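A look at the structure
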Amino acid sequence: MRTSFIAGNWKMHKTVGEATALAKELVTALAKETCRIMIAPPFTALLEVSKIVKGTNIVLGAQNMAQEVQGAHTGEVSPVMLKDVGVTIVILGHSERRHVYGEKDELINKKVKLALSEGLEVILCVGEKIEERNAGNAEKVVEEQIKNGLKDISPQHMKNITIAYEPVWAIGTGVTATPEDADDMHAFIRKTITALYSPEIAETLIIQYGGSVKPNNAKELMAKANIDGALVGGAALTADQFVPIVQYDK
Ligand code: PGA
């Protein structure tokens, strides 16, 4: 049995004051929830938000991470620094990192390995662009991203990996994949993990869907056999929207 995992990616939104206010609202509103909940504020708000979620059922995530532990990497934030402020999980390979900031599978894989070796959990994001889907290549693209992203990751480390399937054309567009199409891709991801690792690892892997998840479509998506959670962007920015998504089954 897989425990649902709902994560909010706040992207480049919220000052420290705004972030702490939202974190406080969420801590109160979600105190009784039994699914797994994560919020990923911007780096500048991590420390203050960490103080608010400490000891609650909300875990603290980061949106990205450097590929090295320390050194001359202007503008980067290391896994050690993230752990220092209470982060336990990091989002890697988000489509905005891939397609706006040019991160390639090789770099993402380096970050995944480093995060795991530093004891952080990883949400590895994968997903095809619309041209790739229209050309019938969606599965091929996702398979490559998974194989390359998880290169040299041991079976033992797979318990610390969540995969988020986020079709690029659905992110921030208001267009969601149909629950059927999303479920098909999630089943394909599970098949890929079975081939790379084992049926047991594939069966326990949490696979989130991301891309315009809203209160009005979360239940339908989450009802699908292979959809175990959601990675939420825009709708994670207010308690009004994020709370009903976490409570999709109420
Ligand atoms: P969205 O973003 O919910 O605003 O589409 C999802 C994501 O990028 O993780």
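Attention in this report is confined to the structure presented alongside it.

The next point concerns the site of the ligand. By nearness alone, 13 residues border the ligand, and Lys11, His94, Glu166, Gly172 and Ser212 come closest of all. Gly233 has a polar backbone atom sitting 2.9 Å from an oxygen atom of the ligand. For the shell around the ligand, the per-class residue count stands at four nonpolar, seven polar and two charged.

When their charged atoms lie close together, side chains carrying opposite charge are able to pair. Scanning the entire structure with this criterion turns up 17 salt bridges. A salt bridge links Glu103 to Lys111, with the nearest nitrogen and oxygen atoms 2.9 Å apart. For the pair Glu103 and Lys111, a shared accessibility class is recorded, and that class is buried. One continuous salt-bridge network, built from bridges that share partners, spans Arg2, Arg190, Glu203 and Asp228.

Ile6, Leu26, Leu150, Ile189, Ile193 and Phe242 are the most contacted members of the largest nonpolar core, which has 74 residues in total. Excluding residues within four positions of it along the chain, Phe242 makes contact with Ile6, Ala7, Gly8, Leu26, Leu30, Ile37, Met38, Ile39, Val232, Ala235 and Ala236.

Here we come to unusual backbone geometry. One non-glycine residue, Lys11, lies in positive phi territory at about 50°. Judged by its relative accessible area of 19%, Lys11 falls in the buried class.

The strand order E1-E2-E3-E4-E5-E6-E7-E8 describes a closed barrel built from eight strands, whose pairing is parallel. Neighbour to neighbour, the strand axes of the sheet diverge by 25° on average, direction disregarded. Here strand E5 (residues 121-126) pairs with strand E6 (residues 161-165) via five bridges, running parallel. In the sheet register, Val122 faces E6, and the bridge partner there is Ile161.

Rules used in this analysis
- Residues numbered from 1 in each chain as written.
- Predicted model: local features only at pLDDT ≥ 70, side-chain atom pairs only at ≥ 80, totals over all residues.
- Heavy atoms only, no water.
- Near = heavy atom within 4 Å.
- Polar contact = N/O pair within 3.5 Å; in protein donor to acceptor, adjacent residues only side chain to side chain.
- Nonpolar A, V, L, I, M, F, W, Y, C, P; charged D, E, K, R; others polar.
- Salt bridge = Lys/Arg side-chain N within 4 Å of Asp/Glu carboxyl O.
- Buried < 20%, exposed > 50% of the residue type's maximum accessible area, 1.4 Å probe, protein only.
- Core = buried A, V, L, I, M, F, W, Y, C linked by side-chain atoms within 4.5 Å.
- Contact = heavy atoms within 4.5 Å.
- Pairing = 2+ DSSP bridges.
- Helix = DSSP H or I, 4+ residues; strand = E, 2+ residues; numbered from the N terminus.
- Axes fitted to C-alpha atoms, helices over the stretch in contact; angles between N-to-C directions.

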